[in-house]
Amino acid sequence: MSNSWWEITILCHPHLEESITWRLDKFGCSGTSREIKGKSYIIQAYAPQIQYQSLDISALSLWLQQDALVLNLPQPLTRWKLIDEEDWASSWKEHWEPTEVGDRFIIYPAWLTPPEQTDKLILRLDPGVAFGTGTHPTTQLCLESLEMRLSKSPENVVIADIGSGSGILSIGAILLGAKKAYAVDIDPLAVKAARENRHLNQIHPDHLVINQGSLTELLELVSDGVDGIVCNILAEVIIELIPQFSKLARPNTWGILSGILLEQSQAIADTLEQEGWIVAALWKRKQWCCFQIRKAPEN
Ligand SMILES: C[S@@+](CC[C@H](N)C(=O)[O-])C[C@H]1O[C@@H](n2cnc3c(N)ncnc32)[C@H](O)[C@@H]1O
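Everything numeric in this text was worked out from a predicted model, so none of it was measured. (Residues numbered from 1 in each chain as written. Predicted model: local features only at pLDDT ≥ 70, side-chain atom pairs only at ≥ 80, totals over all residues. Heavy atoms only, no water.)

Remarks on the side chain of Asp 227
Working step 1: Inspection of the secondary structure assignment puts Asp 227 in strand S11 (residues 226–232).
Working step 2: Residue Asp 227 is classed as buried on the basis of its relative accessible area of 19%.
Working step 3: A distance of 3.0 Å separates polar atoms of two side chains, one belonging to Asp 227 and the other to Arg 250. (Helix = DSSP H or I, 4+ residues; strand = E, 2+ residues; numbered from the N terminus. Buried < 20%, exposed > 50% of the residue type's maximum accessible area, 1.4 Å probe, protein only. Polar contact = N/O pair within 3.5 Å; in protein donor to acceptor, adjacent residues only side chain to side chain.)

Here's the deal with the site of the ligand
Working step 1: The full set close to the ligand counts 16 residues, and Thr 139, Gly 163, Asp 185, Ser 214 and Asn 232 are the nearest of them.
Working step 2: One of the side-chain nitrogen or oxygen atoms of Thr 139 is found 2.7 Å away from an oxygen atom of the ligand.
Working step 3: In the environment of the ligand, an oxygen atom lies 2.6 Å from a nitrogen or oxygen atom belonging to the side chain of Asp 185.
Working step 4: Calculation on the ligand without its partners gives an accessible area of 600 Å², and the protein chains cover 84% of this total.
Working step 5: A per-class count over the shell around the ligand returns six nonpolar, eight polar and two charged. (Near = heavy atom within 4 Å. Areas by Shrake-Rupley, 256 points an atom, 1.4 Å probe, with all protein chains shown as cover. Nonpolar A, V, L, I, M, F, W, Y, C, P; charged D, E, K, R; others polar.)

Description of unusual backbone geometry
Glycine aside, the phi torsion of most residues is negative, and most peptide linkages are trans.
Working step 1: A positive phi angle is found at Asn 72, which is not glycine, with a value near 60°.
Working step 2: Relative to the helices and strands, Asn 72 is located in the loop between helix H2 (54–70) and strand S4 (77–84).
Working step 3: Residue Asn 72 is classed as exposed on the basis of its relative accessible area of 69%.

Things to note about the sheet that holds S4
Working step 1: The strand order across the open sheet formed by four strands is S2-S3-S1-S4, and the pairing between neighbours is antiparallel. Two strands lie at the open edges of the sheet, namely strand S2 (30–37) and S4, each paired on one side alone. Each strand axis lies, on average, 20° off the axis of its neighbour in the sheet, ignoring direction.
Working step 2: The pairing of S2 with strand S3 (residues 40–48) spans six bridges and is classified as antiparallel. Counted as the bridge partner of Ser 30 is Tyr 46 from S3. (Pairing = 2+ DSSP bridges. Axes fitted to C-alpha atoms, helices over the stretch in contact; angles between N-to-C directions.)

Pasting the structure below:
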């Protein structure tokens, strides 16, 4: 089978949801979904066969068992099978429903017709294989932070979105009224998905510029800095990027950093301090945290 995916199905105690979702994310799964089955949960996730052997999934299943043991909870039951790309797209889509995030957003799957009348901002999305459906706590923390940051006079705000995935954060910022967003991602499939989502949300390419790359490519696009930086990538990557954030900064630039596990927050805080950034607030959800930062005044 070409373009096959592993469909991983886990029957588990509800209290294991968080640790299982974390393991699946770390493993590199896409499109995780959860269903209630009696007193248990069924969690499903997908991983490309091109990257993972059956042995890798066996190892994942062992980790899940060990996590349950540590938490003193019943062992989860993990099954996996290969499905082709088309089945993957449709299986996952069956489980993804419109999701309200924060006070203002409703994330609407592209294949559903959005309501004509709503007081919410409708963010339409087909992430494809890219990360960013709005169901993950790290994405939600970023969207809620953007709501806060863009609650007053958003019309002059230019943002940079590093690790844009499906484009969800940049699109969210534009829907909230931001003047312009620059989005970059190293993954060409994410760039493709983000451009399709830009079109789906009727945003002009001049308004939301999406390119493949990282901070270096972004700096080539933005000559005079941005007002806000959003970056939802893993802590290890963020720590490497922070020293270059100043090149994007204007005197009052703020930042939203997510994708950081609670136990990694000290390392992030230390790097921010060394590089001239102030931590204004730290928001937490499940095992994740989100830093609200701003540039420290020049001496
Ligand atoms: C956790 S996803 C976040 C997606 C979306 N921004 C969201 O909040 O849901 C992280 C994204 O960062 C991208 N990425 C990883 N390392 C990167 C780097 N050094 N520079 C730019 N993008 C990177 C990945 O390809 C992935 O699409």
